Amino acid sequence: MSKKFYLDNAATTRVKKEVIDEMLKYFDEKYGNPSSQLYELGRRSKEAIDNARKIVADFINADEKEIYFTAGGSESDNWALKGVAFANFNKGKNHIITTKIEHHAVLHTCEYLEKFGVKTTYLDVDKYGMIDLEQLKEAITPETMLISIMFANNEIGTIQPIEQIGEIAKEHGVLLHVDAVQAMGAVKIDVKKQHIDLLSMSAHKLGGPKGIGGMFIRKGVKIDNLIHGGGQERGKRAGTEGVQNIVGFAKAVELASKDFDAHVKKLTSLRNKFIEGIKNNIPDVILNGHPTMRLPNNVNFSYKYVEGESILLLLDMDGISASSGSACTSGSLDPSHVLLATGLDHGTAHGSIRFTIGEETTEEDISFVVQTMKGIVERLRMMSPIKNDEDLYKK
Ligand SMILES: *Cc1c(COP(=O)(O)O)cnc(C)c1O
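What you see as residue numbers is a count from 1 along each chain, following the sequence as written. This being a predicted model, a pLDDT of at least 70 is required before a residue's local features are given, and a value of 80 or more before pairs of side-chain atoms are given or counted; all residues contribute to the totals for chains, interfaces and linings. Working from all heavy atoms in the structure, the side-chain values ignore hydrogens and water.

### Describing the pattern of salt bridges
Next, step 1: We count a salt bridge whenever a side-chain nitrogen from Lys or Arg sits within 4 Å of a carboxyl oxygen from Asp or Glu. Counted according to the given criterion, the structure contains 19 salt bridges.
Next, step 2: For Glu-75, the salt bridge goes to Arg-237, with nearest N and O atoms at 2.4 Å. Of this pair, Glu-75 sits in helix H3 (residues 73-87) while Arg-237 is found in the loop between strand S8 (213-217) and helix H7 (243-258), placing the two residues 162 residues apart along the sequence. For the pair formed by Glu-75 and Arg-237, the shared burial category is buried.
Next, step 3: The structure contains a network of salt bridges with shared partners spanning Glu-40, Arg-44 and Glu-47. In this text, helices come from DSSP runs of H or I with a minimum length of four residues, and strands from runs of E with a minimum of two, each type numbered from the N-terminal end. Exposure is judged per residue with a 1.4 Å probe applied to protein chains only, and the accessible area is read against the type maximum: over 50% gives exposed, under 20% gives buried, and values in between give partly exposed.

This is the structure:
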């Protein structure tokens, strides 16, 4: 088999070997139900969960009693928004502030809540994908119950000034929910310093298994329970715990915290080489996202006058995995809501490719991918009837 270049680490990551080894023990040796406290096997499982909760809590500077395990980022986002909205029903608070570039787990939940009388304000972003703090302040009303803003964007990598957002939320007595799924392992998260009340996490974006994540809920925050049933997760999310997944999530977090600074430094340097490589080798490209306030692994460009989907097909022939400006809603030809929010026109948004590098990416990989992209874009542009902006407008 020829070499593969997996450059879609924002979609998911390979599960680390140490994570798999740790998880395997909880399938056969240590399979007890953590609710079975009257015998050793059950107690061992309970201890494993307690230990995992402590690791995740320490990673974001929370108390372990403030961590709840969920089935991933989407579930946590749903819980944060629905849980706060339902806890505020008929209490005069029914307004949520979010942004136009959130993950669909947030945006579609807001749409759903609108059915129950919740009102949503969607903040604009500038061409780099940054929100405007003044617009945020102006959007707050006496009815506002929640601000939900992602730490870092999954498509363009832009990192928001969460600490300043947290200060604004606190000043106005409004809860702040942060989707930190992409930020975990890439940006320092400190829920105390950053005044975060609710935080969504997911394991599979940082070397853990799919289908497990977590939610930080600050002590005292009023939120409805998510799943009704037994007393698991302090009665807030019932159901026998996926012990092996929880243990795997914690192992991934532990590994991420161990060499955090070195890892971020290495990725940032590779990312910058990648960005320079594209800029220096391919004309008529636009870097999407912020030039510096961006995730250390994100390289997202628009290649004018070509189709992203065509690029992806040709990249795949060379064993390169990436994603396009509409891949999240595969099957639909709508360009990404994130790219449109940054002001790109439909055509340019369609010609966007996101590469997200990972632990295994090397400098040689990047040189190869840059050269491959150069060839692909030249070829597609040669075939395209659209060669410049004037041709675009002629149509
Ligand atoms: C991947 C992702 C999610 C969803 O997480 P899952 O664990 O896959 O449900 C939510 N928000 C962001 C920013 C993401 O990148």
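### Side note on a nonpolar patch on the surface
Next, step 1: Like charges are joined within 9 Å and nonpolar side chains (Val, Leu, Ile, Met, Phe, Trp, Tyr) within 5 Å, but only among residues with over 30% relative accessible area and no salt bridge; these make up the patches. What sets the accessible areas is the Shrake-Rupley method with a 1.4 Å probe; for residues, cover comes only from the shown protein chains. A contiguous nonpolar patch, built from Ile-20, Leu-24 and Phe-27 and spanning about 290 Å² of accessible area, is present on the exposed surface.
Next, step 2: Here Phe-27 lies in the loop between helix H1 (17-24) and helix H2 (40-59).

### Some thoughts on the pairing of strand S4 (residues 119-123)
Next, step 1: Any two strands with at least two DSSP bridges between them are considered paired. Sheet topology places strand S3 (residues 95-99) next to S4; five bridges connect them, and they run parallel. For Ile-97, the partnering residue across the bridge sits in S4 and is Thr-121.
Next, step 2: Here is how to tell: hold the view so the strands point away, follow the path from the first strand over the helix to the second, and if it runs clockwise the crossover is right-handed. Handedness of the crossover joining S3 and S4 through helix H4 (residues 104-114) is recorded here as right-handed.

### Notes on the sheet that holds strand S12 (residues 323-324)
Next, step 1: Within the open sheet, the four strands sit side by side as S9-S10-S13-S12. Their pairing is antiparallel. Lying at the two open borders of the sheet, with one neighbouring strand each, are strand S9 (285-287) and S12.
Next, step 2: The contact criterion used is simple: two residues touch if any of their non-hydrogen atoms lie within 4.5 Å. Between N-to-C directions, angles cover 0 to 180 degrees, with each direction set by a line fitted to C-alpha atoms, over the stretch in contact for helices. Sheet contacts for helix H9 (residues 308-317): strand S10 (298-303), S12 and strand S13 (352-356); angle to S13, the most-contacted strand, approximately 45°.

### Comments concerning unusual backbone geometry
Next, step 1: In this structure, Asn-90 is a non-glycine residue whose phi angle is positive, near 60°.
Next, step 2: Note on placement: Asn-90 falls in the loop between H3 and S3.
Next, step 3: Classification of Asn-90 as exposed rests on a relative accessible area of 81%.
Next, step 4: Residue Asp-284 is not a glycine yet carries a positive backbone phi of 55°.
Next, step 5: Structurally, the position occupied by Asp-284 is in the loop between helix H8 (260-281) and S9.

### A look at the domain arrangement of the chain
Next, step 1: Domain boundaries shown here were taken from an automatic or database domain assignment. Partitioning the chain into structural domains gives domain 1 (17-257) and domain 2 (259-394).
Next, step 2: A straight line from the C-alpha centre of domain 1 to that of domain 2 covers 29 Å.
Next, step 3: In this assembly, 29 residues from domain 1 lie in contact with 23 residues from domain 2.
Next, step 4: Reported buried area values correspond to the accessible surface (1.4 Å probe) lost by two parts on association, with both partners' losses combined. In total, domain 1 and domain 2 occlude about 2200 Å² of area from one another, counting both sides; carbon and sulfur atoms represent 60% of this.

### Side note on the sheet that holds strand S2 (residues 67-70)
Next, step 1: Pairing in this open sheet of seven strands is mixed, and the strands run S2-S8-S7-S6-S5-S3-S4 from one edge to the other. With one partner strand each, in any of the chains shown, S2 and S4 form the two edges of the open sheet. Put simply, the sheet's adjacent strands are angled 20° from each other on average, direction ignored.
Next, step 2: Sheet strands touched by H3: S2, S3, strand S5 (144-148), strand S6 (175-179), strand S7 (198-202) and S8. Its angle to S7, the strand with the most contacts, is close to 160°.

### Thoughts on the UniProt feature "modified residue: N6-(pyridoxal phosphate)lysine" (unreviewed entry) in the chain
Next, step 1: The UniProt entry lists Lys-205 under the feature "modified residue: N6-(pyridoxal phosphate)lysine" (unreviewed entry), expressed in the numbering used here.
Next, step 2: Tracing the backbone through its elements, the reader meets Lys-205 in the loop between S7 and S8. UniProt positions are given in the numbering used here, feature names are shortened, and annotations may be inferred rather than shown by experiment.

### Describing the site of the ligand
Next, step 1: Near residues are defined by distance, with any heavy atom within 4 Å of the molecule or strand qualifying the residue. Neighbouring the ligand are 13 residues; Ser-74, Asp-179, Gln-182, Ser-202 and Lys-205 lie closest to it.
Next, step 2: The contact in question runs from an oxygen atom of the ligand to an N or O atom on the side chain of Ser-202, over 2.6 Å.
Next, step 3: The term polar contact refers here to a pair of N or O atoms within 3.5 Å; inside protein, the definition further demands a hydrogen-donor-capable atom paired with an acceptor-capable atom, and it admits residues adjacent in sequence only when both atoms are side-chain atoms. In the environment of the ligand, an oxygen atom lies 2.8 Å from a nitrogen or oxygen atom belonging to the side chain of His-204.
Next, step 4: Within the complex, 87% of the 380 Å² of free accessible area of the ligand lies under protein.
Next, step 5: Ranked by residue count, the leading element in the shell around the ligand is H3, at three residues.
Next, step 6: When its residues are assigned to classes, the shell around the ligand shows two nonpolar, eight polar and three charged. Three classes are used, and their members are as follows: Ala, Val, Leu, Ile, Met, Phe, Trp, Tyr, Cys and Pro are nonpolar, Asp, Glu, Lys and Arg are charged, and the others, Gly among them, are polar.

### Notes on H1
Next, step 1: Restricting attention to buried positions, one finds in H1 the residues Val-19, Glu-22 and Met-23. One side of H1 carries all its buried residues, which in axial view fall inside an arc of 100°.
Next, step 2: Check the buried side of H1 and you find it contacts H7. The directions from the helix axis to the C-beta atoms are what the arc is built from.

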